[in-house]
Amino acid sequence: MAEEKFDCIIVGGGLAGLTAAYILAREGQEVLLIERGNYSGSKNMTGGRLYGHSLEKVIPGFARSAPVERRIVKERLSCEENGMLSTVEYDSSKVSTPEGESYSVMRGKFDKWLAEQAEEQGAMLVYGVRVDDVILRDGKVCGVIAGDEEMESDLVILADGVNSLLSHKLGLKQQTRQDQAVVGVKEVIGLKEETINERFQVASGEGVAWMFSGCMEGCDGFLYTNKDSVSVGITMQVENIHKTSYSVPQMLEEFKNRPEIQALLSGGSLLEYSAHLIPEGGMDMIPNLYGHGVLVAGDAAALCANLGFTLRGMDLAVESGRLAAQTAIAAKEKDDYSAEVLSDYQAALESSFVIPCIQGAEACRSIVESGAYKEEPLKAFNDIMEKQNIR
C-alpha cells in the first residue's frame with residue numbers, strides 16, 4: 001500500500017467520508033478511506049434522525065435498500081414552564097416525496113451499509129487504523145502517516161470527527177471552547193414493535209421524533225422511535241456540566257423518570273449506552289475548510305445545527321461529503337489541488353443549504369426558548385421548518 005499513490009485519501013468512515021468515497025470511486029478515482037474503528041459506525045452514537053434529501057442526491061431511493069428504522073411521521077416539541085409541560089405536535093404522515101422524508105436510523109447498521117455501497121463502487125476501506133499525521137511538502141498535504149506507514153495522495157479529505165486532531169495539526173482548526181460543544185448521552189431501550197406502535201400511536205414503519213427543550217436543569221432531551229427500540233437521551237453544553245448538582249448520567253436517569261417518558265419506556269430493556277461530543281458553536285466554530293491538498297468535512301468541519309426542536313448533523317455531513325467529492329473531481333480534471341482551486345468547496349457549501357442552516361439555527365432556537373411558539377404554535381413551527389428548508 002505504501003508504494004501506491006491514491007487520487008484521494010479520506011480519514012474517517014462516517015457519513016461525510018463515506019459519501020465522498022462513494023462518489024469518487026463511482027467516478028473512477030483511486031480512493032482509500034481509513035477508519036479508526038473496527039467498522040464504519042462502530043464509534044457512532046446509535047439512533048438518530050436522518051433527513052433524506054441530501055443522500056437522495058447521491059443514491060436515489062436509498063431508503064428502499066438501506067437499513068432505516070422508521071419513517072418519521074410525527075414531530076413533537078415539549079417545553080416546560082412553571083412545572084407545566086406544553087407540547088406541540090406536527091403530523092406529517094401524508095405521503096411525501098423521497099427528498100422530503102426523514103428516518104430514524106441506527107448508525108451502527110446504517111454506516112456499515114453505506115460503507116458497503118462505497119466498496120461496491122471500488123473504494124478501498126481500511127479499518128482499525130489510526131492516522132497520526134499528514135505528509136507535508138512545501139506547505140501542501142501529500143498524504144497521511146499511520147504508524148510507520150506513509151500513504152501518498154493528491155488530496156486528503158479530513159472527516160475524522162469533532163475532535164479532528166489532524167485539522168488542529170495543520171492549523172485549520174482552533175481548540176474547541178467549552179461553550180462550542182455539547183455532550184450527548186443516549187440509551188437505546190428495547191421494546192416490542194407492536195408496543196412502540198401502540199404507545200406512540202403509529203403504524204409499523206412509522207415513527208416519532210420528540211424533542212424536550214428546557215425540561216431539565218441546563219439540558220435538553222430527545223426521543224426517537226426505532227423499529228423495535230427507542231433512543232432516548234439528553235444533551236448539555238460542556239460549559240454547564242459543572243454548574244449542576246447532578247452528573248450527566250444522573251440527569252439522563254432523571255429525564256427517563258419523568259412520568260411521560262417512563263410510561264413510554266416501561267418494560268423495556270437497555271440495549272446500549274453511548275456518549276458523544278457534538279459541535280454546536282455555529283459559524284464561529286467552523287474551521288478553515290480547505291488548504292493546499294486538503295479539505296475538511298462533516299463533524300470535523302463543525303457542520304451541525306441545533307434548531308431547538310431538532311438536531312441536524314447527518315444531512316449536513318452527507319452534503320459536505322458530496323460537495324467535497326465534486327470539488328475533488330474538478331481538481332483532478334485541472335490537475336490542480338491548490339488551495340485556490342479547492343476553495344470552490346467552501347463556496348459550494350455557502351451556496352447549498354448547509355451554511356444557511358447553521359447561520360439560521362441560532363434564530364430558530366431563540367424562537368423556541370422564548371416561548372413565542374405557544375401563542376401560535378403551528379405557525380411558529382412551520383415558519384422555522386420553512387426557513388430551514390427541511391421539509
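Here goes a summary of the coordinates provided. Quick caveat: nothing in here was measured; it's all calculated off a predicted structure. (Residues numbered from 1 in each chain as written. Predicted model: local features only at pLDDT ≥ 70, side-chain atom pairs only at ≥ 80, totals over all residues. Heavy atoms only, no water.)

Looking only at helices and strands, one finds 12 helices and 19 strands in the protein chain. Residues classed as buried in the protein chain amount to 57% of the 391 residues present. In the protein chain, once contacts between residues fewer than 6 apart in sequence are set aside, the share between residues at least 24 apart is 72%. Here the protein chain has roughly 16400 Å² of accessible surface; of this, 45% comes from carbon and sulfur atoms. (Helix = DSSP H or I, 4+ residues; strand = E, 2+ residues; numbered from the N terminus. Buried < 20%, exposed > 50% of the residue type's maximum accessible area, 1.4 Å probe, protein only. Contact = heavy atoms within 4.5 Å. Areas by Shrake-Rupley, 256 points an atom, 1.4 Å probe, with all protein chains shown as cover.)

This part is about the environment of W210. Take W210: it is sitting in strand β12 (residues 206-216). Here W210 falls in the buried class, since its relative accessible area comes to 8%. Apart from residues no more than four positions distant in its own chain, W210 is found in contact with R76, L77, S78, T87, G221, F222, L223 and L264. A polar contact of 2.9 Å, which involves the side chain of W210, links it to the side chain of S78. (Polar contact = N/O pair within 3.5 Å; in protein donor to acceptor, adjacent residues only side chain to side chain.)

If you trace the backbone, K256 turns up in helix α6 (residues 248-256). K256 gets classed as buried once you look at its relative accessible area, which sits at 15%. Ignoring any residue separated from it by four or fewer positions in sequence, one finds K256 in contact with E187, V232, I261, Q262 and L265.

What follows concerns the pattern of salt bridges. For the structure on display, the rule yields 15 salt bridges. We note a salt bridge from E89 to R76, for which the minimum N-O separation is 2.7 Å. Here R76 lies in strand β4 (residues 68-81) and E89 lies in strand β5 (residues 84-91), a separation of 13 residues in the sequence. Assessed through its relative accessible area of 12%, R76 is described here as buried. (Salt bridge = Lys/Arg side-chain N within 4 Å of Asp/Glu carboxyl O.)

What follows covers the pairing of β5. The sheet contact formed by β4 and β5 spans eight bridges and is antiparallel. The partner of R76 across the bridge, within β5, is E89. (Pairing = 2+ DSSP bridges.)

A few words on the environment of E217. Within the fold, E217 resides in the loop between β12 and β13 (219-225). Residue classification places E217 among the partly exposed positions, given a relative accessible area of 43%. Residues E217 and M251 lie 34 residues apart in sequence; the distance between their C-alpha atoms is 8.4 Å. Setting aside its immediate chain neighbours within four residues, E217 contacts M236, K243, T244, S245 and M251.

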